[in-house]
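# Architecture and fold: a report
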Amino acid sequence: MSGAGRKSLGGIEVGGRGRFSFFCFSLRKVPCSDSLGKMELVNLTRRTAIGSNSYWLKIGGKNVILDAGLHPKLEGWASTPDFSLVPQGKVDAILITHAHQDHVGALPVLTRREPQARVFMTVPTARIADVMLHNSVNVMIRQREDAGVSEYPLFTHRGVEFCTKAWHPRPLAKRFNLHGDPSESNSDVTFEFFDAGHILGSVGILIRYKGRTIFYTGDVNFENQTLMRGASFPEGGVDVLIMETTRGDSPVPLGFSRANEEERLARGIIRAFERGGSVTIPVFALGKTQELLAMLWQIRLRGLLATVPIYIGGLSTKISGIYDAFASTSVRSHPELQVLQEMAPYVLSGNEIQTISPKKRCIFALSSGMMTENTLSNIFCRRIIGDESQSLFFVGYSDPDSPAGKLRMAAIGDMISLGGGLPPIPLRCHIEEFQFSAHASREPLRKYAVLLKPSKIVLVHGDKRAIDWFQLALFKELPDTAVIVPEPGRAESLS
Ligand SMILES: [Zn+2]
Ligand SMILES: [Zn+2]
């Protein structure tokens, strides 16, 4: 949101005690559902957690699907949303908030089932999603061969090409209808994209129909990152808010600032080099890699780490190229920065990662961020975690059950298994953690919800503890608002 918007959020004082309720006690006069047709939401994901995202919105007699993600921890069809809940061939439009796998990974499965549906996303999201989905086919084929997952691949390269034919990229801040045409008509279901500040191309979606409004945040960040600027979201006029809750489980540490964290990272890298080794940073290929390269660029501008070689993987390079292509036309800081040209990272091939030694005074920024089996970071880390001169830095979220999550909880000397049936390794390397999340922390999200004061809030994209925190916080501050945690497969009224 804009600077002015953030100030108004910061200035909110809300108190009072309310009843926690699953019913709406809005004081505002809203049109009755009979005159509008029913508005319902069905959570198509198979469990309430951070995982796949897909929500079926029934509005104005139309069927709209918000996001079509894959669950990163599950395999085969279990990782997809349950699209069988939607009558086949009846979807009118699919809207994708951004190109992370948990939001777009199952789109070829959905468009195969619903070829008549138009798919809307931003132009950068379309460019990135194309790369991510083709990469996903390669990963699934490898998993079929290596791990014997017989259901893979869930779709093919041709399936992705078929899927992309239904895509209709749309710009920010332009209202369009189910056909993708501009529309201000009150009787059309219309959509409008608002920049979400999460990764390149990410948006929240405002849905309007007959004077009612629903706003779906997707994944959002209200603060500036190094490249992405904070979200520009609507500051009022929202009846129903569908909100992500990723970071609801923990508060921001006292005195935290991104600038301090960047300084801590610079000092951490210098100290790691003094210990005689390299720094390995597991990062997501999409988003975190580009933010990290931009941070390292800023550190270099200060005259530090000027000649340090940086290694990244092939997918990260492709995505970084797209960030560079949209540098001057997207909502971001440093529009002049071309990260690939400025940082000239060395691109590791799949073969090189099997043999390269960790060396000294290098930075290895390798995906995946959670060190999933068979990824560059997982393979490479086998060579460093038993070496006390080497350093391993974590800069984002890791699922506690992932190899990265296990390493973060381990102590020196613990035997660590990185999977793949290989023997455990005693942990000897130096581990440090930094906080550069691309998700809003819980306080700005809570303030945003309070600012909007919608009649209903639907909490999604969070683990139980995170959702519990938001339920309690919103119950206290918005006693007239119904707070819904949509159970998978159950229709929730939004009218
Ligand atoms: Zn995301
Ligand atoms: Zn997400």
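Since the model is a prediction, treat every value here as computed from it, not as a measurement. Here, residues in each chain are numbered from 1, in the same order as that chain's written sequence. Going through the entries in the order they are written, you letter the chains from A and number the ligands from 1. In keeping with the model being predicted, local features are shown solely for residues with a pLDDT of at least 70 and side-chain atom pairs are shown and tallied solely at 80 or more, while totals for entire chains, interfaces and linings include all residues. Working from all heavy atoms in the structure, the side-chain values ignore hydrogens and water.

To continue, consider the side chain of Arg 212. Its place among the elements puts Arg 212 in strand S10 (residues 212-216). N or O atoms within 3.5 Å of each other form a polar contact, as long as, within protein, one can give a hydrogen and the other can take it, and as long as residues adjacent in sequence are counted only when both atoms are side-chain atoms. A distance of 2.8 Å separates a polar side-chain atom of Arg 212 from the backbone oxygen of Leu 494. Each helix is a run of DSSP H or I of at least 4 residues and each strand a run of E of at least 2, with the numbering of both proceeding from the N terminus.

Let us now look at the pairing of strand S8 (residues 190-195). Sheet faces and side chains relate simply in a regular strand, where the side chains alternate between the two faces. The rule is simple: take the accessible area with a 1.4 Å probe, protein chains only, and divide by the maximum for that residue type; under 20% is buried, over 50% is exposed, in between is partly exposed. Counting buried residues along S8, six of its six residues qualify, which places the element largely inside the surrounding structure. Only strands joined by at least two bridges in the DSSP assignment are considered to pair. Where strand S7 (residues 176-177) and S8 come together, two bridges link them in antiparallel fashion. Bridge assignment links Asn 177 to a residue of S8, and that residue is Thr 190. Bridging between S8 and strand S9 (residues 203-209) involves six bridges; their strand directions are antiparallel. Bridge pairing links Phe 191 to Ile 207 in S9.

Any residue with an atom within 4 Å of a point lines the site, the site being either a cavity, points on a 1 Å grid over the protein atoms alone where a 1.4 Å probe fits but cannot get out, or a pocket, an open set with protein on both sides within 12 Å along at least 5 of 7 lines. Grid points are joined across faces, edges and corners, and a volume is the space filled by probe spheres set on the points. Evaluation of the coordinates by the stated rule reveals four cavities of 30 Å³ or more. Taken as a whole, the largest cavity spans an internal volume of roughly 60 Å³. Every residue lining the largest cavity is listed: Asn 43, Thr 45, Arg 47, Thr 48, Ala 49, Ser 52, Tyr 55, Leu 459, Val 460, His 461, Ile 467 and Pro 486. Residue type decides the class: Asp, Glu, Lys and Arg count as charged, Ala, Val, Leu, Ile, Met, Phe, Trp, Tyr, Cys and Pro as nonpolar, and the leftover types, Gly among them, as polar. Tallied by class, the residues present in the lining of the largest cavity amount to six nonpolar, five polar and one charged. Roughly 50 Å³ of internal volume is contained in the second largest cavity. In terms of lining, the second largest cavity is formed by Pro 282, Val 283, Phe 284, Lys 288, Gly 369, Phe 394, Val 395, Gly 396, Tyr 397, Ser 398 and Arg 408.

In this section: the environment of Ile 242. Here Ile 242 shows up in strand S11 (residues 240-244). For the pair Ile 242 and Ala 196, spaced 46 residues apart in sequence, the C-alpha to C-alpha distance is 14 Å. Sequence-distant contacts of Ile 242, that is, excluding residues within four places in its chain, are made with Leu 41, Leu 66, Ile 214, Phe 215, Tyr 216, Thr 217, Val 458 and Val 460. Here, residues are in contact when the closest pair of their heavy atoms is within 4.5 Å.

Time to look at the coordination of the zinc ion (ligand 1). Angles between donor atoms at a metal ideally measure 109.5 degrees for a four-coordinate tetrahedral arrangement and either 90 or 180 degrees for a six-coordinate octahedral one. The donor set comprises N, O and S atoms within 2.8 Å of the metal, extended to 3.2 Å for Na, K and Ca; water molecules are omitted, so apparent gaps in a site may simply reflect that omission. For the zinc ion (ligand 1), every protein donor is listed as His 98 (NE2), His 100 (ND1), His 198 (NE2) and Asp 219 (OD), and the spread of their distances is 2.2 to 2.3 Å. The site at the zinc ion (ligand 1) holds four donor atoms, and with the angles between them running 89 to 166°, its shape is irregular. Of note, the donors binding the zinc ion (ligand 1) are all from one chain and are spaced H-x1-H-x97-H-x20-D. Taken as an interatomic distance, the gap from the zinc ion (ligand 1) to the zinc ion (ligand 2) is 3.5 Å; Asp 219 donates to each of them. The same class applies to His 98 as to His 100, namely buried. Only four donors with every angle between 85 and 135 degrees are called tetrahedral; only four or six donors with opposite donors over 155 degrees apart and all others between 65 and 115 are called square planar or octahedral, in that order; all others are irregular.

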